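# Examining the three-dimensional arrangement
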Amino acid sequence: MFNVSKIRADFPILNREVNGKPLVYLDNAATSQTPKQVIDVIVDYYQRLNANIHRGVHTLSQEATDAYEQARLKIQAHFNIAKSHEVIFTSGTTHSINLVANGFTSLLNKGDELLVSAMEHHSNIVPWQMLCERTGAVLKVIPMNENGELLMAKFDGLLSHKTKLVFCNHVSNALGTINPIQEIIQKAHAVGAAVLIDGAQASPHIKADVQELDVDFYIISAHKVCGPTGVGMLYGKESWLKKLPPYQGGGEMIAEVTFEETTYADLPHKFEAGTPNICGGIAFGAALDYMNAIGFDAIASYENELLDYATQELLKIQGLKIYGTAANKTSVISFNIQGIHPYDIGTILDKLGIAVRTGHHCAQPIMDFYKIPGTVRASFSFYNTKEEVDVLVEGVNRAKAMLL
Ligand SMILES: *Cc1c(COP(=O)(O)O)cnc(C)c1O
């Protein structure tokens, strides 16, 4: 059923060479590659469809609007979202989180508490710190253990009637941990707090059902699910989206404008000021189609095989330590070799055509927790192979021999 060579043929970039070697792309947690089915949609848009949406009576504008709104429906179906106007197009995860954090400014009081997990991406920390500065609310941290798992008993202890918002990633981009978001959502709701889940890193591996989760906000970026950069989504429960004020003012988001007063458009347009990334939105829908045609169960089981194999083979290297050993994790391996800076390993791997990420992965608090400057991170997608794992392991061995 799952035919990786057939899948790889869909990704033109996987044929290129880097430094005279076949590219081995293992930086999927930073961004995924784009299949030709999605590239074709992008090309087709500019060759056949390009027009501004929503306002035009002419055919091109109507066709572009239809394609864009079709993409919204695809996203709605993918996440089992109840109403299409609960899908807000944004420029990505970072934009989505800032939109919500900004909206809460008028809803919080001094002394209210916000809980953040210890393993968040900076984009799910900094906007909340800025919100706390504006409102006098207090940010508290749900701690984690050495394996990179949240301490749920500590979470229970932090929750109180003061808790207004809890935010957490579904999957950690630095460690791969799959967090127990269902439990987090239930417990937060029991004290009346809203929950925002950063699904950016979960989205390529797990199909989330927002109604089953009963989550208040769920957020992703298209570029992690084989779509283009510069587009993403914010799911918000209708009741919350009605309560939050608009984030940006401009065209598209208004009902009526005079110099005395402006009234806002209905959802979703209230949060979609200006001309959006129309082509990107349509390609986002096509990317979800592509991944759904393969199937998220097939993707997850294949990636788990790669994860197990890569973990086993990397751990054969003496002095190699993996950070993020949660029982429940996706195909992300963060590691270091004793006595070697991660940057040096990354540089040598690049010479061998292997793309990994080195550094703090936009999650400095995690690196502080482990008292390390950063890690080497290899993250695997459904288009990677066991042979590529072997090339990585050989490369790490070579780097080690050169650097120690
Ligand atoms: C990639 C990522 C982000 C940031 O996404 P952008 O597309 O850069 O806005 C945030 N959180 C997690 C968990 C991520 O993996």
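Reading the values: rules and limits
- Residues numbered from 1 in each chain as written.
- Predicted model: local features only at pLDDT ≥ 70, side-chain atom pairs only at ≥ 80, totals over all residues.
- Heavy atoms only, no water.
- UniProt positions renumbered as here; feature names shortened; annotations may be inferred.
- Helix = DSSP H or I, 4+ residues; strand = E, 2+ residues; numbered from the N terminus.
- Pairing = 2+ DSSP bridges.
- Axes fitted to C-alpha atoms, helices over the stretch in contact; angles between N-to-C directions.
- Contact = heavy atoms within 4.5 Å.
- Phe/Tyr/Trp six-rings, centres within 6.5 Å; stacked < 30°, edge-to-face > 60°.
- Lys NZ or Arg CZ within 6 Å of the ring centre and 35° of its normal.
- Buried < 20%, exposed > 50% of the residue type's maximum accessible area, 1.4 Å probe, protein only.
- Polar contact = N/O pair within 3.5 Å; in protein donor to acceptor, adjacent residues only side chain to side chain.
- Arc of directions from axis to C-beta.
- Parallel < 35°, antiparallel > 145°, perpendicular 65-115°, else oblique.
- Left-handed = near helix turned anticlockwise from the far one by under 90°.
- Nonpolar A, V, L, I, M, F, W, Y, C, P; charged D, E, K, R; others polar.
- Core = buried A, V, L, I, M, F, W, Y, C linked by side-chain atoms within 4.5 Å.
- Domains from an automatic or database assignment.
- Buried area = accessible area lost by both parts, 1.4 Å probe.
- Salt bridge = Lys/Arg side-chain N within 4 Å of Asp/Glu carboxyl O.

The next subject is the UniProt feature "domain: Aminotransferase class V" (unreviewed entry) in the chain. Mapped onto this numbering, the UniProt entry annotates "domain: Aminotransferase class V" (unreviewed entry) at residues 24-392. As annotated, residues 24-392 has a helix share of 38% and a strand share of 18%, and its two end C-alpha atoms lie 8 Å apart.

Turning next to the sheet that holds strand S13 (residues 320-323). Read from one edge to the other, the open sheet built from four strands follows the order S13-S14-S17-S16, with strand pairing classed as antiparallel. Each end of this open sheet is capped by a strand with a single partner; those strands are S13 and strand S16 (357-359). Between one strand and the next, the sheet's axes are offset by a mean angle of 30°, whatever the strand orientation. Examined bridge by bridge, strand S14 (residues 332-337) and strand S17 (residues 375-379) share four bridges and lie antiparallel to one another. Considered in S17, the bridge of Ser334 is made with Arg377. Against the sheet, helix H11 (residues 296-314) contacts S13 and S14, and its axis sits at roughly 10° relative to S14.

All right, on to the packing of aromatic side chains then. In total, this model carries 15 aromatic pairs according to the counting rule given. Centre to centre, the rings of Phe217 and Trp240 are 6.1 Å apart; their planes meet at 45°, and the pair counts as tilted. Of the two residues, Phe217 is situated in strand S9 (residues 217-221) and Trp240 in helix H9 (residues 238-243); the sequence distance between them amounts to 23 residues. Here the aromatic cluster, defined as three or more aromatic residues joined through ring pairs, consists of Phe11, Tyr290, Phe382 and Tyr383. Here the guanidinium or amino end of Lys243 rests over the ring plane of Trp240, the centre of that ring lying 4.3 Å away. Positioned over the ring face of Tyr309 is Lys386, at 5.1 Å from the centre of the ring.

Another point: the environment of Ser221. Positionally, Ser221 belongs in strand S9. Using a relative accessible area of 5% as the deciding quantity, one classes Ser221 as buried. In this structure, Ser221 is in contact with Gly92, Thr93, Val231 and Gly232, ignoring residues within four places of it in sequence. Polar contacts involving the side chain of Ser221 include one to the side chain of Thr93, which spans 2.6 Å.

The next point concerns helix H7 (residues 181-190). Buried within H7 we find Ile181, Ile184, Ile185 and Ala188. One face of H7 carries all of its buried residues, which in axial projection span an arc of 95°. Along H7, the residues that are exposed and aim more than 90 degrees away from the buried face are Gln186 and Ala190. Here the buried face of H7 lies against helix H6 (152-158), strand S7 (163-169), strand S8 (194-198) and helix H8 (210-213). One or two residues past the end of H7 sits Gly192, with phi positive at roughly 85°.

Across the sheet, which stays open at both edges, the seven strands sit in the order S4-S10-S9-S8-S7-S5-S6 with mixed pairing between neighbours. Each having just a single partner strand, strand S4 (87-90) and strand S6 (138-142) make up the two edges of the open sheet. Averaged over all pairs of adjacent strands, the angle between their axes in this sheet comes to 20°, without regard to strand direction. Two elements, S4 and strand S10 (residues 232-236), share four bridges in a ladder whose sense is antiparallel.

As a further point, take the packing of helix H3 (residues 59-78) against helix H10 (residues 278-294). Orientation of H3 relative to H10, taken along the N-to-C sense of each, is 40°, at an axis distance of 8 Å. Taken together, the axes of H3 and H10 lie oblique to each other. Remark: the crossing between H3 and H10 carries left-handed chirality. Residues Ala64, Ala67, Tyr68, Ala71, Lys74, Ile75 and His78 of H3 form the contact with H10, whose participating residues are Ile278, Gly281, Ile282, Phe284, Gly285, Leu288, Asp289 and Asn292. Of the residues contributing to the contact of H3 with H10, the split by class is nine nonpolar, four polar and two charged.

It is worth spelling out the nonpolar core at this point. Val166, Tyr218, Phe284, Phe382 and Leu392 are the most contacted members of the largest nonpolar core, which totals 106 residues. Residue contributions to this core peak at ten residues, all from H10. Two domains share this core, each providing at least three of its residues, namely domain 1 (4-28 + 295-403) and domain 2 (39-292). What Phe284 contacts, discounting residues up to four positions off in sequence, is Ile75, Phe89, Ile220, Ala222, Val225, Pro228, Val231, Gly232 and Met233. Listed in part, the 25 residues of the second largest apolar core include Ile97, Cys132, Ala137 and Leu234.

Here the focus is the domain arrangement of the chain. Domain annotation for the chain reports domain 1 (4-28 + 295-403) and domain 2 (39-292). Once you take the C-alpha centre of each, domain 1 and domain 2 turn out to be 28 Å apart. Tallying the contact residues gives 34 residues for domain 1 and 31 residues for domain 2. Each partner contributes to the roughly 2600 Å² buried at the junction of domain 1 and domain 2, and carbon and sulfur atoms together form 59% of this total. On the surface where domain 1 and domain 2 come into contact, there are zero salt bridges. Between domain 1 and domain 2 we count 16 residue pairs in polar contact (both at pLDDT 80 or more) in total. Counting only elements with at least two residues in the side of domain 1 that touches domain 2, the list comes to H11, S13, S14 and helix H13 (364-370). By residue number, the principal contributor to the side of domain 1 that touches domain 2 is H13, which donates six residues. Taken together, the residues of the side of domain 1 that touches domain 2 break down into 19 nonpolar, ten polar and five charged.

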